[in-house]
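Letter by letter, the chains look like this.
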Amino acid sequence: MDYLDHLEAEAIYILREVAGQFEKPALLFSGGKDSITLVHLAKKAFRPGKFPFPLVHIDTGHNFPETIAFRDSLIEEIGEKLIIGYVQDSIDQGKVVEQKGKNASRNALQTVTLLDTISKNGFDACIGGARRDEEKARAKERIFSVRDEFGQWDPKRQRPELWSIFNGKIHKGENVRIFPISNWTELDVWNYIKREQIALPSIYFSHEREVITRNGQLMAAAPFLNMDEEDTIERKSVRFRTVGDMTCTAAVDSTATALDDIIAEIKASTVSERGARMDDKVSEAAMEERKKQGYF
């Protein structure tokens, strides 16, 4: 077994632990490479049977169209249940207020939609593709991360996970966030995608796109990106290292059209994967604060 076999085996073991310990789990699906990798691992863990959980997507309404198209195609291919929570519904219900200004984004608003979706469906465990190497707040997470009845995360309540023993016991109303690929790195994910020949949305590969430069980052020129006379639209060869709301996810200059090119690019990069996420630049502890509020 090589190191990818060990990482795969650990992730499959964790997914099966979720199925065994929880009554109503769900797999949170963003349409990004990490959640797509989780779907691939779930197929290895549970086929030829059905998944013991639905896929859940929180749709901001400002997603990349390529991501939504890929999501729908994947669901049709695997024949699993998809539940969608819409941020627009949270706005219409007055639960969140649409941000205003040049850097307005719906990314932070999706926390409320996520918590409502968890509550409405009674999920007691939510599987996600977060990895410890992404960001320092995520490095504090255990693989089984307990959230209180309000969906909030307290790093002081983290449980020990010795000898790969995972404790899923919770009180009524609480839920657990599960991170089967916690121990993977960005490079591990790409090497696994290459080995397993996993299909991805086209935005992960270099393509020509209209972009503007904002706060030193290349942003896709989208109709809901608040632009003014200072914003100049250019057409550039870019790709995206991470997938999120279009209003906070930046592209990188790239000519990488194949997996080997992307892997070489990542090896040479001096900027972290989350360095292209505008929402992480709000403050030093931006991610940790969002996690404490219920963000994944």
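See above for the structure.
Residues numbered from 1 in each chain as written. Predicted model: local features only at pLDDT ≥ 70, side-chain atom pairs only at ≥ 80, totals over all residues. Heavy atoms only, no water.

Chemist: So what exactly am I meant to see when it comes to the sheet that holds strand E6 (residues 175–178) here?
Modeler: Two strands in a sheet stick together by hydrogen bonds in their backbones, pointing the same way (parallel) or opposite ways (antiparallel). If you trace the 6 strands from one edge of the open sheet to the other, you get E3-E2-E1-E4-E6-E5, paired in mixed fashion. Looking at which strands have only one partner, the edges of the open sheet turn out to be strand E3 (82–86) and strand E5 (144–147). Each strand axis lies, on average, 30° off the axis of its neighbour in the sheet, ignoring direction. Pairing of E5 with E6, which is carried by 4 bridges, proceeds in the antiparallel orientation. Of the residues in E6, the one forming a bridge with Phe-144 is Ile-178. (Pairing = 2+ DSSP bridges. Helix = DSSP H or I, 4+ residues; strand = E, 2+ residues; numbered from the N terminus. Axes fitted to C-alpha atoms, helices over the stretch in contact; angles between N-to-C directions.)

Chemist: Which parts of the structure should I look at to understand helix H7 (residues 259–268)?
Modeler: Since the α-helix advances by 3.6 residues per turn, residues separated by three or four positions end up pointing in the same direction. Burial in H7 covers these residues: Ile-262, Ile-263 and Ile-266. In a view along the axis of H7, the buried residues occupy a sector of 100°, so they form one face of it. Within H7, the exposed residues directed more than 90 degrees away from the buried face are Lys-267 and Ala-268. Those residues of H7 hidden inside the fold are in contact with helix H6 (186–196) and strand E9 (234–239). (Buried < 20%, exposed > 50% of the residue type's maximum accessible area, 1.4 Å probe, protein only. Arc of directions from axis to C-beta. Contact = heavy atoms within 4.5 Å.)

Chemist: What exactly am I supposed to notice about the packing of aromatic side chains here?
Modeler: Inspection of the entire model under this criterion finds 8 aromatic pairs. For the ring pair Trp-184 and Tyr-192, a centre distance of 5.1 Å and an interplane angle of 80° mean the geometry is edge-to-face. Taking relative accessible area as the criterion, Trp-184 reaches 1% and is therefore assigned buried. (Phe/Tyr/Trp six-rings, centres within 6.5 Å; stacked < 30°, edge-to-face > 60°.)

Chemist: Can you help me understand the nonpolar core in this one?
Modeler: Nonpolar side chains tend toward joint burial in soluble globular proteins. Ranked by internal contacts, the top residues of the largest apolar core, which has 61 residues, are Leu-41, Phe-144 and Ile-178. Residues within four places of Leu-41 in sequence aside, it is in contact with Glu-8, Ala-11, Ile-12, Leu-15, Ile-181, Trp-184 and Tyr-192. Within the second largest apolar cluster, 13 residues are counted, among which are Leu-109, Leu-114, Ile-118 and Cys-126. (Core = buried A, V, L, I, M, F, W, Y, C linked by side-chain atoms within 4.5 Å.)

Chemist: Help me understand the packing of helix H1 (residues 3–21) against helix H2 (residues 33–46), please; the structure alone is not making it clear to me.
Modeler: When two helices pack together, their arrangement is given by the angle between their axes and by how far apart the axes lie. Direction vectors running N to C along H1 and H2 enclose 70°, while the axes themselves pass 9 Å from each other. In terms of axis orientation, H1 runs roughly perpendicular to H2. Touching Glu-8, Ala-11, Ile-12, Leu-15, Arg-16 and Ala-19 of H1 are Leu-38, Leu-41, Ala-42, Lys-44, Ala-45 and Phe-46, all from H2. (Parallel < 35°, antiparallel > 145°, perpendicular 65-115°, else oblique.)

Chemist: I'm lost on helix H3 (residues 65–78) in this one. Help?
Modeler: End to end, H3 covers 20 Å across 14 residues, agreeing with the expected 20 Å (1.5 Å per residue, within 8%). Residues of H3 that are buried in the fold lie against H2, strand E2 (55–59) and E3. Once H3 ends, the next one or two residues include Gly-79, with phi positive near 70°. (Expected span 1.5 Å × (residues − 1).)

Chemist: Would you mind showing me how to read the environment of Ile-143 here?
Modeler: Along the chain, the position of Ile-143 falls in the loop between strand E4 (125–127) and E5. Exposure remark for Ile-143: the relative accessible area of 5% places this residue in the buried category. Sequence separation between Ile-143 and Phe-179 is 36 residues; the distance between their C-alpha atoms is 4.9 Å.

Chemist: Which parts of the structure should I look at to understand the sheet that holds strand E10 (residues 250–253)?
Modeler: Strands sit in the order E7-E8-E10-E9 around a closed barrel of 4 strands; the barrel is antiparallel. Taking the axes of each pair of neighbouring strands and ignoring which way they run, one obtains an average angle of 70° across the sheet. In terms of strand pairing, E9 meets E10 through 2 bridges, oriented antiparallel. Within E10, the position partnered with Arg-239 by the bridge is Val-252.

Chemist: Teacher, can you tell me more about the side chain of Thr-37 here?
Modeler: With respect to the helices and strands, Thr-37 occurs in helix H2. On the basis of relative accessibility, which here comes to 0%, the residue Thr-37 falls in the buried class. Those residues in contact with Thr-37 that lie beyond four places of it in its chain are Trp-184, Val-189, Tyr-192, Ile-193 and Ile-198.

Chemist: What exactly am I supposed to notice about the pairing of E2 here?
Modeler: A large share of E2 lies buried, amounting to 5 of its 5 residues. Side chains of E2 alternate between two faces, with Leu-55, His-57 and Asp-59 and Val-56 and Ile-58 buried alike. In terms of handedness, the path from strand E1 (residues 25–28) via H2 over to E2 forms a crossover that is right-handed. Handedness of the crossover joining E2 and E3 through H3: right-handed. (Right-handed = clockwise from strand over helix to strand, strands pointing away.)

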